[in-house]
Amino acid sequence: MALAASARGWYAYQLQALLKEIVTRIPDIRPDGEMEMMKSIWFNVVIQMPVTFTPEPYNAHGAPLDVGHRHVDAAEREVPRRG
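Residues numbered from 1 in each chain as written. Predicted model: local features only at pLDDT ≥ 70, side-chain atom pairs only at ≥ 80, totals over all residues. Heavy atoms only, no water.

### With respect to the overall build of the chain
1) Next: Within the chain one finds two helices and four strands.
2) Next: Out of the 83 residues belonging to the chain, those deemed buried represent 2%.
3) Next: Sequence separation of at least 24 residues holds for 20% of the intrachain contacts in the chain that already meet a minimum separation of 6.
4) Next: Accessible surface for the chain amounts to roughly 8000 Å². Of this, 60% is attributable to carbon and sulfur atoms. (Helix = DSSP H or I, 4+ residues; strand = E, 2+ residues; numbered from the N terminus. Buried < 20%, exposed > 50% of the residue type's maximum accessible area, 1.4 Å probe, protein only. Contact = heavy atoms within 4.5 Å. Areas by Shrake-Rupley, 256 points an atom, 1.4 Å probe, with all protein chains shown as cover.)

If you want it as structure tokens, here you go:
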């Protein structure tokens, strides 16, 4: 069953947002080896693509240091439980 055009657009938007975040957080990402491609006459799919990059610096608590995003403290992250 084919996806509706609006669903395909939504998935494309999500993929674009994901890739933008990766490039923002890991600007020096680069290929490191051969890509493994799926053999298909219908579409091209990358199965495996090894990469190298410099890891993001972390603070003393193990959380990534701020890279331009608003800091959210633990109280804001917690979702109130319904009782």
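### Some words on the pattern of salt bridges
1) Next: Taken as a whole and assessed by the stated rule, the structure comprises two salt bridges.
2) Next: Across the pair Glu-21 and Arg-25 runs a salt bridge whose closest N-O atoms are separated by 2.8 Å. One end of the pair is Glu-21 and the other is Arg-25, both in helix α1 (residues 5-25) and four residues apart, which spans about a single turn.
3) Next: Residue class for Arg-25 comes out partly exposed when judged on its relative accessible area of 29%.
4) Next: One salt bridge in this structure joins Arg-30 and Asp-28, with 4.0 Å as the shortest N-O distance.
5) Next: Since its relative accessible area comes to 26%, Asp-28 is described here as partly exposed. (Salt bridge = Lys/Arg side-chain N within 4 Å of Asp/Glu carboxyl O.)

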